[in-house]
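Each chain is listed here by its residues.
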Number of protein chains: 2
Amino acid sequence: MASNNPAPPDSTRRSERSRRAIYDAAIALVVEVGYPKTTIEGIAARAGVGKQTIYRWWGSKADVLLEAFLDLSEQAARTAAQEHENHEGQEGRAGHESQGIPDTGDLAADLKLVLRATVDELRDPGFEAPSRALAAEGVVNEELGRRFVAQLLEPQLQLYVDRLRSAQEAGQVRPDIDPRIALELFVSPLAQRWLQYTGPITYEYTDTLVDYALNGLAPR
Amino acid sequence: MASNNPAPPDSTRRSERSRRAIYDAAIALVVEVGYPKTTIEGIAARAGVGKQTIYRWWGSKADVLLEAFLDLSEQAARTAAQEHENHEGQEGRAGHESQGIPDTGDLAADLKLVLRATVDELRDPGFEAPSRALAAEGVVNEELGRRFVAQLLEPQLQLYVDRLRSAQEAGQVRPDIDPRIALELFVSPLAQRWLQYTGPITYEYTDTLVDYALNGLAPR
DNA sequence: TCACTGACGAGACGCAGCGTCTCGTTCGTG
DNA sequence: CACGAACGAGACGCTGCGTCTCGTCAGTGA
């Protein structure tokens, strides 16, 4: 039996203005009052938009926030890529992904550098509030969690896979190591400390993680 | 100015019967309908209790669930300790903490064994639903998150610290390693995969984590 | 043993936000 | 330019919140 369902809206006539206003309002509210107190009614009011406009295009508060955050990340990545380009010359067309991990030939140094940058990012309130909210929602809502991972987390992790593979070719990482698992040795501890408040997050800590992971715990 | 605040309730007259009924109802509802759809009204109705009785002793839904889960864990630990005792003879009075990590002298084997047991536990629906709910709440609610860690997670992690220190004395782990950080190399990756669905959780995976962590990624 | 008294179960209350709906109005498309 | 669907606005019934007020019941201290 074919659908006589709600009949999907016509996306060609969608208001870009409303879409942006909703993104901005959602992010702002999560930052200002926190995720649990952010409501659809609140987002609509702040965006100057009817509630129905939100319900027409999104299925839930979490959906709105995920898209808003995705959009924010793209903007930020574009801005960063732009600056990079201005300072160091062209690098092909607009990056669809944040720049890769530097490859100076010194794996430990490169990883420490990137992890220090991540530490800084985790402390930026504008990023922290929305990404915490999405992570929390993802823990308890598998469908959204998987989208969060696929669209935001995994692309970042892939950069580590690439760098580790390069290190393997350079003979700095054993060839039998699976890079996708190896990266978790230093990324996951940082993630857990951030998500669950299981310990302080410092440069010293992430540097130590890299050393432990590369050299191992056992005597050499 | 001294308090003319709500006047705290008299805990000596507290109904043990209600307390237990509330714990049971909270856990059951989280398992059956999920954390977001679990409501204070629902818990009260299911427990056969007035709403005020919940509001009198707890501050929020998350508070109730944390205490209920803590109680459940203690029960489970007591039961496990009991069985352990029956099968292998007395071991002092009732354990307030789950048994330590086995120490056969083979660190890798001991860690793999315990992590395999953790993998099994993470799959038990009766434990999974409530602990996911609490973890999610903790991500977005720092105060509760810290209590969750201090009362549930950290005691477990301490067992790894003890085992790693023993391994250091046996010369199987370098003496300059900080055990509290070292344990994160294999515990956090598992935690992240579970929390965020970033990858499959298998015995093979946890075994690999132990090998990578002990031997390091770099050629030896 | 008994009187006291505060916790108890039950449920009414006003309020906030949900998700659906119905208005005119506006604006993109063909 | 005419069409019509998306739009802003807001009313609707509903659910759950957190507070409150009832009798009733049971633990405590005399």
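Student: Would you mind going over the overall build of chain A with me for this structure?
Tutor: Scanning chain A from N- to C-terminus turns up 10 helices and zero strands. Written out in order from the N terminus, the α and β elements of chain A read α-α-α-α-α-α-α-α-α-α. Dimensions along the principal axes, computed over C-alpha positions, put chain A at roughly 65 × 45 × 40 Å. The buried share of chain A, taken over its 220 residues, is 46%. A separation of at least 24 residues holds for 63% of the contacts in chain A among residues at least 6 apart in sequence. Of the roughly 11500 Å² of accessible surface on chain A, a fraction of 51% belongs to carbon and sulfur atoms. Distance between charge centres in chain A, computed from 24 positive and 33 negative side chains, equals 6 Å.

Student: It is not clear to me how the domain arrangement of chain A should be interpreted in this structure. Could you clarify?
Tutor: A common way to report how large an interface is uses the accessible area buried once the components associate. All names here are of chain A. If you check the domain split of chain A, you get domain 1 (15–99) and domain 2 (102–220). If you look at the interface, domain 1 gives 15 residues, while domain 2 gives 17 residues. Buried surface at the junction of domain 1 and domain 2, both sides included, amounts to about 1400 Å², of which 76% is carbon and sulfur. If you sort the residues of domain 1 by the area they bury against domain 2, Leu66, Phe69 and Leu70 come out on top, with a joint share of 38%. Its salt-bridge partner being Asp63, residue Arg147 comes within 2.9 Å of it at the nearest N-O pair. Here domain 1 is connected to domain 2 by two residue pairs in polar contact (both at pLDDT 80 or more). Of all elements in the fold, only helix H1 (16–33) and helix H4 (61–88) reach the threshold of two or more residues within the side of domain 1 that touches domain 2. When residues of the side of domain 1 that touches domain 2 are assigned to their parent elements, the largest contribution, eight residues, is made by H4. Looking at the side of domain 1 that touches domain 2 residue by residue, the class counts come to 10 nonpolar, three polar and two charged.

Student: Just checking my understanding: could you explain the packing of aromatic side chains for this structure?
Tutor: Remark: the centre distance and the inter-plane angle together describe each pair of aromatic rings, the angle taken between the planes. Applying the stated criterion across every chain yields a total of six aromatic pairs over all chains. On the basis of an interplanar angle of 75° and a centroid distance of 5.8 Å, the ring pair of Phe69 of chain A and Phe127 of chain A is categorised as edge-to-face. Here the residue Phe69 of chain A occupies a position in helix H4, and Phe127 of chain A occupies one in helix H6 (residues 125–140), the gap between them amounting to 58 residues. Cation over ring: Arg14 of chain B sits above Trp57 of chain B, and NZ or CZ is 4.3 Å from the ring centre. The ring of Tyr205 of chain B carries the charged tip of Arg193 of chain B above its face, separated from the ring centre by 3.7 Å.

Thresholds applied
Residues numbered from 1 in each chain as written. Chains lettered and ligands numbered in written order. Predicted model: local features only at pLDDT ≥ 70, side-chain atom pairs only at ≥ 80, totals over all residues. Heavy atoms only, no water. Helix = DSSP H or I, 4+ residues; strand = E, 2+ residues; numbered from the N terminus. Buried < 20%, exposed > 50% of the residue type's maximum accessible area, 1.4 Å probe, protein only. Contact = heavy atoms within 4.5 Å. Areas by Shrake-Rupley, 256 points an atom, 1.4 Å probe, with all protein chains shown as cover. Lys, Arg positive; Asp, Glu negative; His and termini not counted. Charge placed at Lys NZ, Arg CZ, Asp CG, Glu CD. Domains from an automatic or database assignment. Buried area = accessible area lost by both parts, 1.4 Å probe. Salt bridge = Lys/Arg side-chain N within 4 Å of Asp/Glu carboxyl O. Polar contact = N/O pair within 3.5 Å; in protein donor to acceptor, adjacent residues only side chain to side chain. Nonpolar A, V, L, I, M, F, W, Y, C, P; charged D, E, K, R; others polar. Phe/Tyr/Trp six-rings, centres within 6.5 Å; stacked < 30°, edge-to-face > 60°. Lys NZ or Arg CZ within 6 Å of the ring centre and 35° of its normal.

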